[in-house]
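Take a look at the letters that make up each chain.
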Amino acid sequence: MSKRIVSKLLLFVAALLLATATPAIAQPLHLWDFNSNNFLGDTGTGGLDLNFAPGEGDVGGTMGAASDVVFEPGYNGIGRAYRPFYVDASQSSTAGAGLAGSGFTSPSQFTIEALVKADQKTSGSAVNYIFQTRPGSDRGYYLVQDEDNVPVGTTSGLGSIIGNNFGDAEIQAGYTDDEHWFFIAATIDLTSNTGMAEADIYVADVTAGETTATLVSSGRTWNTADPSALAGATGIFGIGNFALDRGGDGVAEASQEWFQGAIDYVAIYDGALSAGEINGHLDARLSLPEPSTTGLLTFAACGFGWVARRRRAG
């Protein structure tokens, strides 16, 4: 076979791959998916790795420890999911263990998304946390778990609280069972309106078979205290819990009020993503088959490196 024919065949195959490939996924600013050997690592461009953060309380003398945090199979048994630990959620919201980090800065506009397996909220805390930061007086409780403010007919739910009022919550992903899979995303704008935060929230009930994230809350606003002050402020943060800096050194060494369930991944993107981009991420997480060697090369070329790594993780 001549070199010209080989060259034309290669060009044809490349064109075919590009024509059938899913559009490239934007590189996240932060991505925690608990896969690979560095399972506490942030594989986004921001590089904010996590550390184990035990609680400070006890139940009958029993306290949580780093070894109590569980890394279990992720959605559909692919990759790993992180499960925070409660000694006994009904008795103490400070006895357990989770993950936290330091140096998180809220962008002025950003998108946060997560795939989680939620159990019923039975803890005595006002909310449990999927992702939170509180660098000052304002609360950046960007993804939370609640048993109040939930949709009619449900007993627990997922959503957002921004500002300084636990009662001012937007909880749109309601459920009544354990091990309920949801994809949830929020595009958050902290600065376009001074002193106010605004968000669009998207939800897909994965357990119910939904593969498209629906806009369930459009233009939700918070203006208690000054949510705009969160933009550009740097502090500690919790994944699956509320992070605590008891040493006053900017390091989150403790945690409390843990999420009841497991977290497959949390990603944060700089800027407000479109519904199409968000659903592209959901599709990549739920629909891609186990990639072959050729598939891995294609995904890497299209910006899918982080998805491919997840699919290969044990």
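Criteria and thresholds
Residues numbered from 1 in each chain as written. Predicted model: local features only at pLDDT ≥ 70, side-chain atom pairs only at ≥ 80, totals over all residues. Heavy atoms only, no water. Helix = DSSP H or I, 4+ residues; strand = E, 2+ residues; numbered from the N terminus. Buried < 20%, exposed > 50% of the residue type's maximum accessible area, 1.4 Å probe, protein only. Contact = heavy atoms within 4.5 Å. Areas by Shrake-Rupley, 256 points an atom, 1.4 Å probe, with all protein chains shown as cover. Polar contact = N/O pair within 3.5 Å; in protein donor to acceptor, adjacent residues only side chain to side chain. Salt bridge = Lys/Arg side-chain N within 4 Å of Asp/Glu carboxyl O. pLDDT = per-residue confidence, 0-100. Pairing = 2+ DSSP bridges. Lys, Arg positive; Asp, Glu negative; His and termini not counted. Core = buried A, V, L, I, M, F, W, Y, C linked by side-chain atoms within 4.5 Å.

**A short note on the overall build of the protein**
Counting its secondary structure elements, the protein contains four helices and 18 strands. Of all 314 residues assigned to the protein, the portion counted as buried reaches 53%. Long-range contacts, defined as pairs at least 24 residues apart, comprise 65% of the intrachain contacts of the protein with a sequence gap of at least 6. Counting every atom, the protein has about 12700 Å² of accessible surface; 52% of that belongs to carbon and sulfur.

**Let's talk about unusual backbone geometry**
Backbone geometry places Ser 36, a non-glycine residue, at a positive phi of 60°. Locating Ser 36 in the fold gives a position in the loop between strand S1 (30-32) and strand S2 (51-54). Overall, the relative accessible area of 40% leaves Ser 36 in the partly exposed class. With phi around 60°, Asn 76 is a residue other than glycine that occupies positive phi space. Along the chain, Asn 76 falls in the loop between strand S3 (70-73) and strand S4 (80-83).

**Here's the deal with the side chain of Ser 92**
In this structure, Ser 92 sits in the loop between strand S5 (85-86) and strand S6 (96-105). For Ser 92, the side chain forms a polar contact with the main-chain nitrogen of Thr 94, separated by 3.1 Å. A distance of 3.2 Å separates a polar atom in the side chain of Ser 92 from the backbone nitrogen of Ala 95. Ser 92 has contacts with Asp 58, Val 59 and Tyr 86, leaving out every residue within four places of it along the chain.

**Points about the pattern of salt bridges**
Taken as a whole and judged by the stated rule, the model has eight salt bridges. A salt bridge links Glu 72 to Lys 117; the nearest nitrogen and oxygen atoms lie 3.0 Å apart. Here Glu 72, found in strand S3, pairs with Lys 117, found in strand S7 (residues 109-118); they are 45 residues apart in sequence, far enough to count as distant. Judged by its relative accessible area of 12%, Lys 117 is buried. A salt bridge links Arg 220 to Glu 170; its shortest N-O distance comes to 2.6 Å. Taken together, the positions of Arg 220 in strand S14 (residues 214-222) and Glu 170 in strand S11 (residues 170-175) put the pair 50 residues apart, joining distant regions of the chain.

**Quick word on the confidence of the model for the protein**
Residues with a pLDDT of 70 or more make up 83% of the protein, whose mean pLDDT is 87. This model gives residues 5-23 a pLDDT under 50, and the stretch forms six contacts once residues within four places in sequence are excluded. Note that residues 290-314 has pLDDT below 50 and, in this model, 53 contacts with residues that lie over four places away or in other chains.

**Thoughts on the environment of Ala 252**
The residue Ala 252 is located in the loop between strand S16 (242-244) and strand S17 (254-256) in this model. When residues no more than four places from it in sequence are discounted, the contact partners of Ala 252 are Asn 51, Ala 53, Ala 100, Gly 101, Ser 102, Ile 236, Ala 243 and Leu 244.

**Examining the pairing of strand S9 (residues 139-146)**
Counting buried positions along S9 gives eight out of eight residues, so the element sits mostly inside the fold. In the sheet, strand S8 (residues 128-133) pairs with S9 via four bridges, with the strands oriented antiparallel. Residue pairing across strands places Tyr 129 opposite Val 144, the latter belonging to S9. Linking S8 back to S9 in an antiparallel pair, the connection comprises five residues.

**A short note on the side chain of Arg 139**
Residue position: Arg 139 is located in strand S9. No salt bridge is formed by the buried Arg 139. Its closest oppositely charged neighbour is Asp 138, at 7.5 Å. One polar contact links Arg 139 to Asn 164, side chain to side chain, over a distance of 2.4 Å. Residues contacting Arg 139, with those up to four places away along its chain left out, are Thr 133, Arg 134, Ile 161, Ile 162, Gly 163, Asn 164, Asn 165, Phe 166 and Leu 230.

**What about the nonpolar core?**
The biggest cluster of nonpolar side chains holds 40 residues, and the ones touching the most others in it are Trp 32, Ile 112, Phe 131, Tyr 142, Leu 158 and Ile 239. If one sorts the elements of this core by residue count, S7 sits on top with five residues. Apart from the residues within four sequence positions on either side, Phe 131 is in contact with Trp 32, Phe 104, Ile 112, Gly 140, Tyr 141, Tyr 142, Leu 143, Phe 237, Gly 238, Ile 239, Val 266 and Ile 268.

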